[in-house]
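Residue strings, one per chain:
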Amino acid sequence: MSFINISGKKIYYESYGENHTPVLVYLHGGPGASCLDFTNTAKALGKQIKVVSFDQYGVLRSEIISDNEPYTMEIQAKLIDEMRRKMNIKSWSVLGHSYGGALAVLYADKYPDTVDKIILECPCLDFTDSAKSIAAYLSDYIFNLGDKTAISLCERIQNYNDQNNDVVVDILNLLEYVKEMELRNYLHSISFDKYISSFSTIGITDDMWAKAEKHLIKLIEDGAITKNYLPILKKLNKPILLLKGKYDPACSDNQVNYINDLPNATIVEFEKSGHFPRIEEQEKYIETVLNYLL
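Criteria and cut-off values
Residues numbered from 1 in each chain as written. Predicted model: local features only at pLDDT ≥ 70, side-chain atom pairs only at ≥ 80, totals over all residues. Heavy atoms only, no water. Helix = DSSP H or I, 4+ residues; strand = E, 2+ residues; numbered from the N terminus. Polar contact = N/O pair within 3.5 Å; in protein donor to acceptor, adjacent residues only side chain to side chain. Contact = heavy atoms within 4.5 Å. Phe/Tyr/Trp six-rings, centres within 6.5 Å; stacked < 30°, edge-to-face > 60°. Buried < 20%, exposed > 50% of the residue type's maximum accessible area, 1.4 Å probe, protein only. Lys NZ or Arg CZ within 6 Å of the ring centre and 35° of its normal. Salt bridge = Lys/Arg side-chain N within 4 Å of Asp/Glu carboxyl O. Expected span 1.5 Å × (residues − 1). Core = buried A, V, L, I, M, F, W, Y, C linked by side-chain atoms within 4.5 Å.

### Focus: the side chain of S98
Step number 1: Relative to the helices and strands, S98 resides in the loop between β5 (92–97) and α3 (99–110).
Step number 2: Within the structure, S98 has its side chain in polar contact with the side chain of H275 (distance 3.0 Å).
Step number 3: When sequence neighbours within four positions are dropped, the list of residues in contact with S98 reads G29, E121, C122, P123, C124 and H275.

Here it is in structure tokens:
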């Protein structure tokens, strides 16, 4: 395992293609999912470009966040840029998956001179909109459960009109009712077992996974997780690539249409994918990213 000390915090990271350019940094989703399932993708991309991926502060292999310590999306963005400086990287492109897409946009907004291009993989750029889309995606399954509490929760989420932290808690509670793991993880063309087998969990313990709860709680308390990041994209003078799984509910049609109207944006749809095109259609994914960056 490789660690880097950032502002006194022990951060786990992986780096591939050390002598290559350009440089790409991967920001995982969740919040709290880790870069674990990006390793094989990073290795493949690292044959032609330099790739840096890491577990965000408080996640899995990185140092746990202490109870009284402040943690926000802006603090994470600052840590990312300190990592860049410590690695002597002048600038890099950012690739954000799911929640990591919002973090990528925030980072590009705060540190524009350090970002070359922005790649968004099934991003969640408006949490309320994403939650409503996910609830609609799950609605048939939830209705067939016949559980009145679950049905009421699903309907409430679909009727949200504002941005607040309640929607984060509600969508997490709704997902607890979903026992079909393919559906719960928004997979389309592969089984959950195949998804799990696509990366190694050797050395990963339950205690390491448990760190993510505090990471998430801190972000909910911060409140920035529910902000609408789409308008920020409009003011960023950066090339944008959207990687969209056709069957992914998190990146809703509303968000796709917004990005499609941006003059500096390119959209590539993965017709056999849900939320994880890098795993469901890996060959096309690798080719698309490399063609965009090289």
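Still more ground to cover, so stick around.
### Some points on the packing of aromatic side chains
Step number 1: Taken as a whole and assessed by the stated rule, the structure comprises nine aromatic pairs.
Step number 2: When the centroid spacing of 5.9 Å and the interplanar angle of 80° are considered together, the rings of Y137 and Y186 count as edge-to-face. With Y137 in helix α4 (residues 127–145) and Y186 in the loop between α7 (181–184) and α8 (192–196), the pair connects residues that are 49 residues apart, well separated along the chain.
Step number 3: We classify Y137 as partly exposed; its relative accessible area is 27%.
Step number 4: Note on F270 and Y285: the rings are 6.1 Å apart at their centroids and 40° apart in plane angle, and the pair reads as tilted. A residue pair is termed long-range when its members are at least 10 positions apart, and F270 in strand β8 (residues 265–270) and Y285 in helix α13 (residues 282–293) qualify at 15 residues.
Step number 5: Accessibility expressed as a relative area gives 0% for Y285, which makes it buried.
Step number 6: Linked through ring pairs, F192, Y195, F199 and F276 together constitute an aromatic cluster.
Step number 7: A cation sits over an aromatic face here: K10 above F3, 4.5 Å from the ring centre.

### Considerations on the pattern of salt bridges
Step number 1: On inspection of all chains with the given rule, the structure shows 13 salt bridges.
Step number 2: Taking the shortest distance from any N to any O, the salt bridge between E69 and K9 comes out at 2.8 Å. Residue E69 is found in the loop between β4 (50–54) and α2 (73–86), and its partner K9 is found in strand β2 (residues 9–16); the two are separated by 60 residues along the sequence.
Step number 3: The shortest N-O distance in the salt bridge between D67 and K214 comes to 2.5 Å. Taken together, the positions of D67 in the loop between β4 and α2 and K214 in helix α9 (residues 206–222) put the pair 147 residues apart, joining distant regions of the chain.
Step number 4: Looking at D67, the relative accessible area reads 58%, which means it is exposed.
Step number 5: Judged by its relative accessible area of 24%, K214 is partly exposed.

### So, α3
Step number 1: Taking 1.5 Å as the rise per residue, α3 with 12 residues should run 16 Å; its terminal C-alpha atoms sit 17 Å apart, in good agreement.
Step number 2: Across the 12 residues that make up α3, a large majority, 10, are buried.

### Let's talk about the nonpolar core
Step number 1: Ranked by internal contacts, the top residues of the largest apolar core, which has 70 residues, are W92, L120, L125, I142, L174 and L233.
Step number 2: The greatest single-element share of this core, amounting to eight residues, is contributed by α3.
Step number 3: Discounting residues that sit within four places of it in the chain, L174 has contacts with A135, L138, I142, A150, L153, C154 and I157.

### Structural notes on the environment of Y137
Step number 1: Separated by 110 residues in sequence, Y137 and Y247 place their C-alpha atoms 9.4 Å apart.
Step number 2: Beyond its immediate sequence surroundings of up to four residues, Y137 is in contact with L183, Y186, L187, Y247 and P249.

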